[in-house]
Amino acid sequence: MADLKARPRPTGATAVLGRTGFPHVTSATKGEIDIVTAPSQPGFNPLDLLYSSLSACLVLSARIAASQMGVLDKISEITAEVTGEKAAEGLSRVAKFNIAFSIKGDIDEETRQKIAHAAEDEICTVSNTIRGNPEFSTTISG
């Protein structure tokens with residue numbers, strides 16, 4: 001089912017941080033977002049962006065799965081709420097992602113399960129990347 005024909009699109013992001021202040025991030029397509037760090041400050045912090053990327057990818061992937069299954073016209077709304085649990089020991093990282101899917105519409109529970117499974121385990125690039133072990137290639141300049 002995961003045979004997708006996506007059109008190429010520039011991807012990537014650049015974060016800039018001065019001696020003071022907060023990071024300003026620009027996407028390859030010129031989207032912009034300012035990052036926050038204080039717990040009471042409204043906005044996105046780096047972990048929020050991780051959870052946001054996963055949740056957005058999951059709902060988009062669920063819509064693709066529903067379309068491929070021929071039931072998209074029966075769906076009114078797809079929600080994926082993503083939270084996480086940080087590791088208690090070792091490196092600072094998310095040890096567990098908690099995903100709550102809601103797929104509203106005139107479909108049965110088995111179809112909901114199939115859509116969520118296809119989205120999470122087959123279609124979503126973000127979930128596939130997190131589950132994998134991506135290689136990092138880093139360069140450093142002055």
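Residues numbered from 1 in each chain as written. Predicted model: local features only at pLDDT ≥ 70, side-chain atom pairs only at ≥ 80, totals over all residues. Heavy atoms only, no water.

> Even after reading the chapter, I still don't get the overall build of the chain, so can you show me in this structure?
Along the chain, the regular secondary structure elements total 3 helices and 5 strands. In the chain, the succession of α and β elements from N to C terminus is β-β-β-α-β-β-α-α. Every one of the 142 residues in the chain was classed for burial, and the buried ones make up 20%. Counting only contacts in the chain whose residues sit at least 6 apart along the sequence, the fraction spanning at least 24 positions is 43%. Surface summary for the chain: the accessible area is close to 10300 Å², and the carbon and sulfur share equals 52%. Averaging the positions of the 14 positive and the 17 negative side-chain charges in the chain gives two centres separated by 5 Å. (Helix = DSSP H or I, 4+ residues; strand = E, 2+ residues; numbered from the N terminus. Buried < 20%, exposed > 50% of the residue type's maximum accessible area, 1.4 Å probe, protein only. Contact = heavy atoms within 4.5 Å. Areas by Shrake-Rupley, 256 points an atom, 1.4 Å probe, with all protein chains shown as cover. Lys, Arg positive; Asp, Glu negative; His and termini not counted. Charge placed at Lys NZ, Arg CZ, Asp CG, Glu CD.)

> I keep staring at unusual backbone geometry and nothing clicks. Help me out?
Most peptide bonds take the trans form, and the phi angle of most residues other than glycine is negative. Phi at Lys30 takes a positive value of approximately 75°, unusual for a residue other than glycine. With respect to the element layout, Lys30 can be found in the loop between strand S2 (24-27) and strand S3 (32-34).

> Please explain helix H1 (residues 46-68) as it appears in this structure.
Residues lying three or four places apart along an α-helix face the same way, a consequence of the helix completing one turn every 3.6 residues. Here H1 spans 33 Å end to end across 23 residues, near enough to the 33 Å set by a 1.5 Å rise per residue. Contacts from the buried residues of H1 go to strand S4 (75-86), strand S5 (94-105), helix H2 (109-123) and helix H3 (125-131). Backbone nitrogen of Leu47 and a side-chain oxygen of the N-cap are separated by 2.9 Å at the start of H1; the cap is Asn45. (Expected span 1.5 Å × (residues − 1). Polar contact = N/O pair within 3.5 Å; in protein donor to acceptor, adjacent residues only side chain to side chain.)

> In this structure, what is going on with the packing of aromatic side chains? I would like to understand it.
In this description, a pair of aromatic rings is defined by centroid distance and the angle of the planes. Applying the stated criterion to the full structure yields 1 aromatic pair. Consider the rings of Tyr51 and Phe97, whose centres lie 6.1 Å apart with planes at 85°: the pair is edge-to-face. Here the residue Tyr51 occupies a position in helix H1, and Phe97 occupies one in strand S5, the gap between them amounting to 46 residues. For Tyr51, a relative accessible area of 13% gives the class buried. The exposure class assigned to Phe97 is partly exposed, which follows from its relative accessible area of 24%. (Phe/Tyr/Trp six-rings, centres within 6.5 Å; stacked < 30°, edge-to-face > 60°.)

> Just to check I follow, could you spell out H2 for this structure?
In a regular helix each residue adds 1.5 Å, so 15 residues correspond to 21 Å; H2 covers 20 Å between its end C-alpha atoms and thus fits that length. Of all the residues in H2, the buried ones are Thr111, Ile115, Ala116, Ala118, Ala119, Glu120 and Ile123. Buried residues along H2 sit against H1, S4, S5 and H3.

> Where do I start with the nonpolar core in this structure?
When a protein is soluble and globular, its nonpolar side chains tend to lie buried together. By size, the foremost hydrophobic cluster in this structure holds 12 residues: Ala62, Ala65, Ala66, Val71, Ile75, Ile78, Ile103, Ile107, Ile115, Ala118, Ala119 and Ile123. Contributing elements (two or more residues each) for this core: H1, S4 and H2. Examining the composition of this core, we find that 4 residues originate from one element, H2, more than from any other. If we ignore the near neighbours within four places in the chain, the residues touching Ile107 are Val71, Lys74, Ile75, Arg112 and Ile115. (Core = buried A, V, L, I, M, F, W, Y, C linked by side-chain atoms within 4.5 Å.)

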